[in-house]
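# Summary of structural features
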Amino acid sequence: MFSSIKHSPSSFTSTDFFPKKRSIPRPQFSPLPIIKNLHVNIPSQSFSSHKPLHVSSIENLAVSNKTQQRKTECHAYEADRSRPLDINIDLPDEETSLEAAKKIKIGIYFATWWALNVVFNIYNKKVLNAFPFPWLTSTLSLAAGSLLMLISWATRVADAPKTDFEFWKTLFPVAVAHTIGHVAATVSMSKVAVSFTHIIKSGEPAFSVLVSRFLLGEAFPLPVYLSLLPIIGGCALSAFTELNFNMTGFMGAMISNLAFVFRNIFSKKGMNGKSVSGMNYYACLSMLSLLILTPFAIAVEGPQLWNVGWQKAVSQIGPNFVWWVVAQSVFYHLYNQVSYMSLDQISPLTFSIGNTMKRISVIVSSIIIFHTPVRPINTLGAAIAILGTFLYSQAKQ
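Residues numbered from 1 in each chain as written. Predicted model: local features only at pLDDT ≥ 70, side-chain atom pairs only at ≥ 80, totals over all residues. Heavy atoms only, no water.

## Structural notes on the overall build of the protein
Secondary structure assignment for the protein yields 13 helices and two strands. In the protein, which comprises 397 residues, the proportion classed as buried is 42%. A separation of at least 24 residues holds for 83% of the contacts in the protein among residues at least 6 apart in sequence. Accessible surface for the protein amounts to roughly 23,300 Å². Of this, 63% is attributable to carbon and sulfur atoms. (Helix = DSSP H or I, 4+ residues; strand = E, 2+ residues; numbered from the N terminus. Buried < 20%, exposed > 50% of the residue type's maximum accessible area, 1.4 Å probe, protein only. Contact = heavy atoms within 4.5 Å. Areas by Shrake-Rupley, 256 points an atom, 1.4 Å probe, with all protein chains shown as cover.)

So this is what it looks like as C-alpha cells:
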C-alpha cells in the first residue's frame with residue numbers, strides 16, 4: 001500500500017510514511033474523526049516492505065485544552081496477519097425476543113384462565129341455588145363443551161385430532177376420574193359456599209403426595225412433606241370455623257381432590273408420547289366423560305325431577321335462568337380448555353402455582369359477589385392452606 005517504506009530495523013516516525021508535500025486522500029467513510037498532527041511511535045523492529053500495513057487499534061486519545069493537539073498511539077501489523085476488530089455491536093437477540101413473547105402469551109393464558117374460572121363459578125352457584133340438581137348441571141357442562149368442539153372440527157375452525165383405539169383406551173381411566181371429580185365438586189358447591197369448596201380443594205397437593213407415596217411408592221424430599229402441614233392445618237381450621245358447614249359439601253370437595261389426583265396420574269401414564277394438543281385432548285376427555293356421566297345422572301336424579309325443578313326455577317328467576325345455565329356450561333368448558341392450552345406451554349410447577357392463584361381469585365370474588373359471611377379465623381385458615389399450597393409448589397421444584 002505504501003511503496004515508499006524502506007526496509008530498515010531502525011526506529012521511524014510518521015513523516016517516514018507521509019512526505020510533507022504529499023496529501024492524504026480523504027476516505028469515503030471513517031468511523032473515527034479526522035485526526036491532525038498525527039504522531040506515531042513504533043518500536044524498533046523488522047517488517048516487510050512487500051505487505052501493506054493496517055491500523056489495528058488506537059489508544060489513549062487525548063485532547064489538550066491549551067494546545068488543541070491530539071496524541072495517539074498506533075499499532076501496525078501485516079495484512080496477512082490480520083485480526084478481527086474488537087467491536088461490540090448490540091443486535092436484537094432473537095432468542096430473547098421469543099422468550100419475551102412466550103411470557104406474554106403465558107400471561108394472557110393465565111389471565112384468561114382465571115377470569116373464565118371466576119365467571120363459571122359465579123354462574124354455576126347461581127344455577128345450583130335455583131336448580132339444585134348437580135348431576136344434570138355437570139352433564140350439561142360436558143355436553144356444551146363437546147358440542148362446541150364438534151362444531152369447531154366440522155367447520156375447520158380447529159383441526160380434528162388423529163386418534164386410534166389405543167388413544168381412547170388410555171384416555172378412559174382419565175375420563176372416569178375426571179367425571180367423578182367434576183360431579184363431586186358440583187355437589188359440594190350445591191351444598192356450601194363457593195369459597196369453602198375452593199378452600200378445601202386447595203388441599204389437593206396433600207392428596208397427591210399421599211397417593212403417590214403409599215400407592216405408587218414415590219418418595220419426596222423432606223420440604224415437600226413439611227409443606228403439607230400448613231395445607232392440612234389450614235383446611236381443617238377453615239372447615240371447623242365455617243358458618244354454613246355441610247358434611248355433604250365437605251365430602252364432595254374431598255372426593256373431588258382425590259379424583260383429580262388420580263386423573264393427573266392416569267394422564268401422565270397414558271398420554272406419554274401422544275401428539276394430541278391440549279385443546280383437543282380436553283375435548284376428547286369431555287366427550288368420553290359425557291358418555292360415562294349421562295346414564296348415572298339419569299339414574300340418580302332422572303327426567304321427572306329435572307322437569308319439576310326446571311319449571312320452578314324458570315318461574316322464580318324468569319328467562320334469565322336459561323342464560324345462566326348456558327353461561328355456566330360454556331364457561332366451564334372454556335376455562336378448562338384454556339388451562340390445558342396453558343399446560344402445553346408451561347411446566348407442571350408453573351401450572352400448579354397458577355392453579356393456586358386461581359383459587360385465590362375465585363375465593364375472593366365469590367365472597368364479594370355472594371356476600372358470604374366469613375369469620376377472621378376462617379380467613380386465617382384459608383390463608384394458611386393457600387400458603388401451604390404455594391410452599392408445596394416451591395418444594396416440589
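## Examining the packing of helix α5 (residues 194-201) against helix α7 (residues 222-240)
Two elements in contact, α5 and α7, have axes separated by 9 Å at closest approach and are oriented at 155°. Between α5 and α7, the crossing angle belongs to the class labelled roughly antiparallel. For the pair α5 and α7, the sense of crossing is left-handed. Residues Phe196, Ile199 and Ile200 of α5 touch α7, and the partners they reach there are Cys235, Ser238 and Ala239. Partitioning the contact of α5 with α7 into residue classes produces five nonpolar, one polar and no charged. (Axes fitted to C-alpha atoms, helices over the stretch in contact; angles between N-to-C directions. Parallel < 35°, antiparallel > 145°, perpendicular 65-115°, else oblique. Left-handed = near helix turned anticlockwise from the far one by under 90°. Nonpolar A, V, L, I, M, F, W, Y, C, P; charged D, E, K, R; others polar.)

## What about the packing of aromatic side chains?
By the definition in use, this model includes 14 aromatic pairs. Taken together, a centroid distance of 5.8 Å and an interplanar angle of 85° make the contact between Tyr332 and Tyr335 edge-to-face. With Tyr332 and Tyr335 both in helix α11 (residues 320-345), this residue pair falls three residues apart, about one helical turn. Residue class for Tyr335 comes out buried when judged on its relative accessible area of 11%. An aromatic cluster is present here, built from Phe131, Phe133, Trp310 and Phe321 joined pairwise through their rings. Stacked on the ring of Tyr123, the Lys or Arg Lys126 has its end atom at 5.6 Å from the ring centre. (Phe/Tyr/Trp six-rings, centres within 6.5 Å; stacked < 30°, edge-to-face > 60°. Lys NZ or Arg CZ within 6 Å of the ring centre and 35° of its normal.)

## Section: a nonpolar patch on the surface
Nonpolar side chains collect at one region of the surface, where Ile180, Phe245, Met247, Met251 and Ile255 lie side by side and expose about 450 Å² of accessible area between them. A per-element tally of the nonpolar patch places helix α8 (residues 247-270) first, with three residues. Secondary-structure assignment places Met247 in helix α8. (Patch = residues over 30% accessible without salt bridge, like charges linked within 9 Å, V, L, I, M, F, W, Y side chains within 5 Å. Salt bridge = Lys/Arg side-chain N within 4 Å of Asp/Glu carboxyl O.)

## So, the side chain of Ser212
Within the secondary structure, Ser212 sits in helix α6 (residues 204-214). Within the structure, Ser212 has its side chain in polar contact with the backbone oxygen of Ser208 (distance 2.8 Å). (Polar contact = N/O pair within 3.5 Å; in protein donor to acceptor, adjacent residues only side chain to side chain.)

## Some thoughts on the pattern of salt bridges
Inspection of every chain in the model, using the stated rule, returns one salt bridge. Two residues, Glu204 and Arg359, come together in a salt bridge whose shortest N-O distance is 3.8 Å. Within this pair, whereas Glu204 is found in helix α6, its partner Arg359 is found in helix α12 (residues 348-370), the two being separated by 155 residues in sequence. Judged by its relative accessible area of 12%, Glu204 is buried.

## Digging into the nonpolar core
Counting 31 residues, the largest nonpolar core has Trp153, Phe167, Leu171, Tyr281, Leu285, Tyr332 and Tyr335 as the members making the most contacts within it. If you list the elements that add at least two residues to this core, you get α2 (94-130), α3 (134-154), α4 (165-191), α9 (278-300) and α11. Ranked by residues supplied to this core, first place goes to α9 with ten residues. Those residues in contact with Trp153 that sit more than four places away from it in its chain are Ala158, Asp159, Ala160, Pro161, Asn280, Ala283, Cys284 and Met287. (Core = buried A, V, L, I, M, F, W, Y, C linked by side-chain atoms within 4.5 Å.)

## Things to note about the confidence of the model for the protein
Of all residues in the protein, 72% attain a pLDDT of 70 or more, and the chain-wide mean is 78. Low confidence marks residues 35-40, where pLDDT is under 50. Its contacts with residues over four positions away, or in another chain, come to eleven contacts. (pLDDT = per-residue confidence, 0-100.)

## Examining helix α10 (residues 303-317)
Between its first and last C-alpha, α10 extends 21 Å over 15 residues, near the 21 Å set by a 1.5 Å rise per residue. Taken together, the buried positions of α10 are Trp306, Gly309 and Ala313. The arc that holds every buried residue of α10, seen down its axis, measures 75°, which confines them to one face. In α10, the exposed residues that point more than 90 degrees away from the buried face are Gln304, Val308, Lys312 and Ser315. At the exit of α10 stands Gly318, carrying a positive phi of roughly 100°. (Expected span 1.5 Å × (residues − 1). Arc of directions from axis to C-beta.)

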